[in-house]
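Structural description and commentary
Take a look at the letters that make up each chain.
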Amino acid sequence: MEVLDLICNYWSEPLGVETLSPRLSWKLSTTVRGALQTAYQLRAATSESRLKDDPDLWDTGKVPSDQSLHVPYAGKTLGSRQVVFWQVRAWDQADQPSAWSSVAHFEMGLLAADDWQAPWIASPEGRTEIDHAVPAPHFRKEVTVEDSVVQARVYVSGLGFYELRVNGHKVGDAVLSPAFTRYDQTVLYQTFDITPFLRGGTNVFGIVLGNGWYNGFTDDVWDFRQAPWRAQPKFRLQAHLAFANGDERVILSGSDWKTAPGPILFDGLRNGETYDARRELPGWDVFGYDDSTWQAAKIVRSPGGIMASEQMPPIRVLQTLTAVAVHEIGPKTFVFDVGQNISGWARIRVRGAEGTVVTLRYSEDLDKDGHLDTSHIDCFIKSGDFQTDRYVLKGDGEEVWEPRFVYHGFRYVEVSGLEEPPSAHTLSGRVVHTDLASRGHFACSNPLLNQIQSAARWSTLTNYHGFPTDCPHREKNGWTGDAALSAEQVLMNFDPVAAYQKWIRDLKDVQRPSGQIPGIAPTGGWGYNWGSGPAWDSALFLIPWYVYQYTGDGALLASTYASMQSYLHFALSMADGGIFDFGLGDWCPPTGGPGAHACPTAVTDTAYVYIMATVLQQAAKILDKDEDEVAYASLAVKIRAAFRRHFLDLETMTVMGNCQTATACALYQGLAEESERPALVERLIAQIEAKDRHLDTGILGAKYVMHALADAGRSDIAYAIASQTSFPSWGYWLAQGATTLWEQWDGEGSHNHHMFSDISAWFYQGLAGILPDREEPGFRHIVFRPQVVDDLDFVEASHDSLYGRIACRWETSAAGLTVRVSVPANCHATLHLPEGYAQNLQEDQGDLDGEMVDRQGDHLVIAMGSGDYAFIVERGPLKSS
């Protein structure tokens, strides 16, 4: 057994850790089947040299435990900026120890407000009481270092966005930092190791600031222009230098920094960026630059929020797409197609005379004449240009440029002002989003489903920019309902936990004392009385609950528990006879417009409040809050009874609204008794057949229907829905050239929305059959329940859990069915073979024995420990015992 992949709070060797008891996890690797950890030993020290013989921070000794995830640090109290080196070894079920793992480390951030010595500073000319932005300010400070630096850390936050440079080099590869928060509640900072950037002699620290979300001067319908935090861009920086002779030095932002405007004349997150290359400041960030005309920076007010380390993946430029086509639409005006709907910006390579202005306009659509069409996405921006960048040439040969403090949603870029005929290499699409690591894979023999999976992944990634947005162009808002509906597929496809932890904090930051939350987070004050309600607000409950189920980590449930209680108290104040009806419903059905859903909002609202009570009941159980568990269980029973009394007609077995969403809601949300489920499933199938096996739902019903069918073992019907190519369907979008998921079935609105993306979760769960077990969360126990449909020859899916890789592949042949599964070490699994495949069961290594195989109803069930397995079974019914 080998111990590997040590992580701290979901990070490999993080800087800036702020949790006082960081949670430590590791994986086990072995070729032995059925491998389990029976004990571990963890040791930690202040240096790697002391770790082996004198672990001066913590030595657990041998701990009899199978826990390999989320082990809380319990050694000596850690202080600000402290470095901790740690390693682990584990014992297997034969009580044989592994070798010690490789050494990992983590480093604490600035843990107390008093640790911050640096003031906030800004340009003395910054203003916000205007309808346009001022040029992006540059700041510099020269620092003389007389001894060799052995370690240097910088703690920095720049609002709205910033870029840090040291001695002419950009520090880090993040862009659009820090992530957006409600700045008067929380301000994020980053920690960087700048040791490699420093040298003996004079060093130069440089900062460039953009407006970002902090100075949102654009007039929009969400009133960010009136945000209470809004002010001119500002930053604070604190660098700690340790020298070989043992001395330390602290470099601080302050009025001794100098500032001047630069070539970024305008940057508005919702408008675009204008860059005048003639106003560049060559060498401004290196020693020897003449800054005698620069002004002294001024010390300014804090944004007001608590400083917190940005412990989530940063936004990065993650791909560069070469244009796949370019066509001319007018004199010196061309449209480039990068082949994929993305978030980010364009990078251009141009030549021309000094002062030539090249204008870039971005859109995801073209009109019938091949011109840009922004009519679906520019309607909510009330001032300035929409998604428009400008570059003014300096006239010095080939010039390469890309924006720095904005991002757009687009596939097509209209470029005007070119003085030379372009090529495909004139423009590249830069794909920019939060760097969520990929954890999932799905593929099958139907190319259409693979395209839908690709579109769902693209829509997810291009709608995460420090928080989950609805779309990357029209709104860029953190709609709660969209995030809640997508969360399960996100947890299967990616590693979003650290990002979700940040966003749930955003939700808590905008929660009112009454418990109410808005429909978007962060918000400057909009969305409390429109766009919210139980279906959307359920994100506060469901995302921590999903994180627990998919990772086994209850920390987010614990930290959100009081906020969930507060919200539920608010929701109960809105009850009318046990029924709730105060939010958005099954948004964006096929016809009638976004709000014209057939399912009464009271049905879905009441169901979600029931789910909130059950989540709080489960959270109370996990957190050992016995009285709360009993109280919330009782409340859930009452809400469920009210739902059934008001909405469920037991004589006709219909749910009020008598539509797909209403019927599936009762099934999916657990509001029907077990004895009632078969009749409701038949009702749902009849409603689907009446629509020629198409959905007739909005975003809520789209999730309910697919999972209700899978739970009933009817993924054949769900597959028929998923494989449609006529309206309304996912395939209908793809048939029109979609590369991301759309907002509305009829193609109106945004063409990059992720709110219909839960179909990807159904791919993993309803077809490949990979499911977590609530009783052993985090995939400690894996449930494999593959569902074979006649039109598919194979389905394969995998998920890199915190324990390791989980995989299931099934394929059919004339001989029967082959199911291959992978179970990581320290886990066990149960495979439910599909009904109708029960003859001559074999396992490729011949390890099948009677203890592994059981029968459950009309199908075979196989229990197994860790390892890779291949089961072959012939078609035929289960023989009577």
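These notes cover the structure that comes with them.

Concerning the side chain of threonine 697
Checked against the element boundaries, threonine 697 lands in the loop between α11 (677-690) and α12 (699-711). Residue class for threonine 697 comes out buried when judged on its relative accessible area of 0%. There is a polar contact of 3.1 Å between the side chain of threonine 697 and the backbone nitrogen of alanine 702. Among all residues touching threonine 697, those that are not within four sequence positions of it are Asp586, Cys588, Pro589, Pro590, Gln660, Thr661, Ala702, Val705 and Trp745.

Details of the nonpolar core
If you look at the biggest cluster of nonpolar residues, it comprises 227 residues, and the most contacted ones within it are Leu360, Trp503, Trp730, Trp762, Phe784 and Met864. Counting residues per element, this core draws most heavily on helix α8 (residues 601-622), at 13 residues. Discounting residues that sit within four places of it in the chain, tryptophan 503 has contacts with Tyr464, Phe467, Pro468, Gly478, Thr480, Ala483, Ala521, Ala539 and Ile543. Grouped together as the second largest cluster of nonpolar side chains are 26 residues, Ala152, Tyr162, Phe192 and Leu198 included.

Side note on the sheet that holds strand β46 (residues 867-875)
Here we have six strands laid out as an open sheet, ordered β34-β39-β40-β41-β46-β43, and antiparallel in their pairing. The sheet is open, and its two edges are formed by β34 (440-444) and β43 (837-843), each paired on a single side. For this sheet, the mean inter-axis angle between neighbouring strands, taken without regard to orientation, is 15°. Of the strand pairs in this sheet, strand β41 (residues 816-823) and β46 are connected by seven bridges, and their pairing is antiparallel. In the sheet register, valine 821 faces β46, and the bridge partner there is tyrosine 869.

A few points about the pairing of strand β33 (residues 427-434)
With eight of its eight residues buried, β33 lies for the most part within the structure. Both strand β26 (residues 333-350) and β33 contribute to a ladder of five bridges, which runs antiparallel. Bridged to arginine 347 within β33 is serine 428.

Points about the packing of α12 against helix α13 (residues 715-722)
Interhelical geometry of α12 versus α13 gives an angle of 150° and a closest axis separation of 7 Å. By the angle between their axes, α12 is roughly antiparallel relative to α13. Where α12 abuts α13, its residues Val705, Met706, Leu709 and Ala710 lie against Ser715, Ile717, Ala718, Ile721 and Ala722. Of the residues assigned to the contact of α12 with α13, the class counts are eight nonpolar, one polar and no charged.

Points about the packing of α8 against helix α9 (residues 626-647)
Put simply, α8 and α9 touch, their axes get as near as 8 Å, and they point 160° apart. Here α8 is positioned roughly antiparallel relative to α9, judged by the angle of their axes. Handedness of the crossing formed by α8 with α9: left-handed. Taking contact as the criterion, the partners of Ala602, Val603, Thr606, Ala607, Val609, Tyr610, Ala613, Thr614, Leu616, Gln617, Ala620 and Lys621 in α8 are, on α9, Asp628, Glu629, Tyr632, Ala633, Leu635, Ala636, Ile639, Arg640, Phe643 and Phe647. Residues of the contact of α8 with α9, tallied by class, amount to 15 nonpolar, three polar and four charged.

Re the packing of aromatic side chains
Note on aromatic pairs: each is described by the distance of the centres and the angle between the planes. One pass over the full model with this rule turns up 45 aromatic pairs. With a centroid separation of 5.4 Å and an interplanar angle of 25°, the aromatic rings of tyrosine 391 and tryptophan 401 are classed as stacked. In this pair, tyrosine 391 is assigned in strand β30 (residues 388-392) and tryptophan 401 in strand β31 (residues 399-401), connecting sequence segments 10 residues apart. Comparing tyrosine 391 with tryptophan 401, the two get one shared label, buried. One Lys or Arg, arginine 43, reaches over the ring of tryptophan 100 and ends 3.6 Å from the middle of that ring.

Observations concerning the sheet that holds strand β38 (residues 781-784)
The five strands are arranged β37-β38-β42-β45-β44 in an open sheet whose pairing can be described as mixed. The sheet terminates laterally at β37 (770-772) and β44 (853-856), the two strands that pair on one side only. Across this sheet, the average inter-strand angle for adjacent strands is 25°, counted without regard to direction. Of the pairings in the sheet, the one linking β37 to β38 comprises three bridges and is antiparallel in character.

Notes on unusual backbone geometry
The omega torsion across serine 177 and proline 178 is -5°, close enough to zero to call that bond cis. Mapped onto the elements of the fold, proline 178 is located in the loop between β13 (169-170) and β14 (186-193). For leucine 176, which is not glycine, the phi torsion reads 50° and is therefore positive. Topologically, leucine 176 is positioned in the loop between β13 and β14. Here leucine 176 falls in the buried class, since its relative accessible area comes to 3%. The phi angle at asparagine 840 is positive, at roughly 55°, despite the residue not being glycine.

As for the pattern of salt bridges
In this structure the tally under the stated criterion is 43 salt bridges. A salt bridge links arginine 404 to glutamate 163, with the nearest nitrogen and oxygen atoms 3.6 Å apart. A residue pair is termed long-range when its members are at least 10 positions apart, and arginine 404 in the loop between β31 and β32 (408-416) and glutamate 163 in strand β12 (residues 161-166) qualify at 241 residues. With relative accessibility at 25%, the residue arginine 404 sits in the partly exposed group. Look at glutamate 163 and you get buried, because its relative accessible area is 9%.

The rules behind these values
Residues numbered from 1 in each chain as written. Predicted model: local features only at pLDDT ≥ 70, side-chain atom pairs only at ≥ 80, totals over all residues. Heavy atoms only, no water. Helix = DSSP H or I, 4+ residues; strand = E, 2+ residues; numbered from the N terminus. Buried < 20%, exposed > 50% of the residue type's maximum accessible area, 1.4 Å probe, protein only. Polar contact = N/O pair within 3.5 Å; in protein donor to acceptor, adjacent residues only side chain to side chain. Contact = heavy atoms within 4.5 Å. Core = buried A, V, L, I, M, F, W, Y, C linked by side-chain atoms within 4.5 Å. Pairing = 2+ DSSP bridges. Axes fitted to C-alpha atoms, helices over the stretch in contact; angles between N-to-C directions. Parallel < 35°, antiparallel > 145°, perpendicular 65-115°, else oblique. Nonpolar A, V, L, I, M, F, W, Y, C, P; charged D, E, K, R; others polar. Left-handed = near helix turned anticlockwise from the far one by under 90°. Phe/Tyr/Trp six-rings, centres within 6.5 Å; stacked < 30°, edge-to-face > 60°. Lys NZ or Arg CZ within 6 Å of the ring centre and 35° of its normal. Salt bridge = Lys/Arg side-chain N within 4 Å of Asp/Glu carboxyl O.

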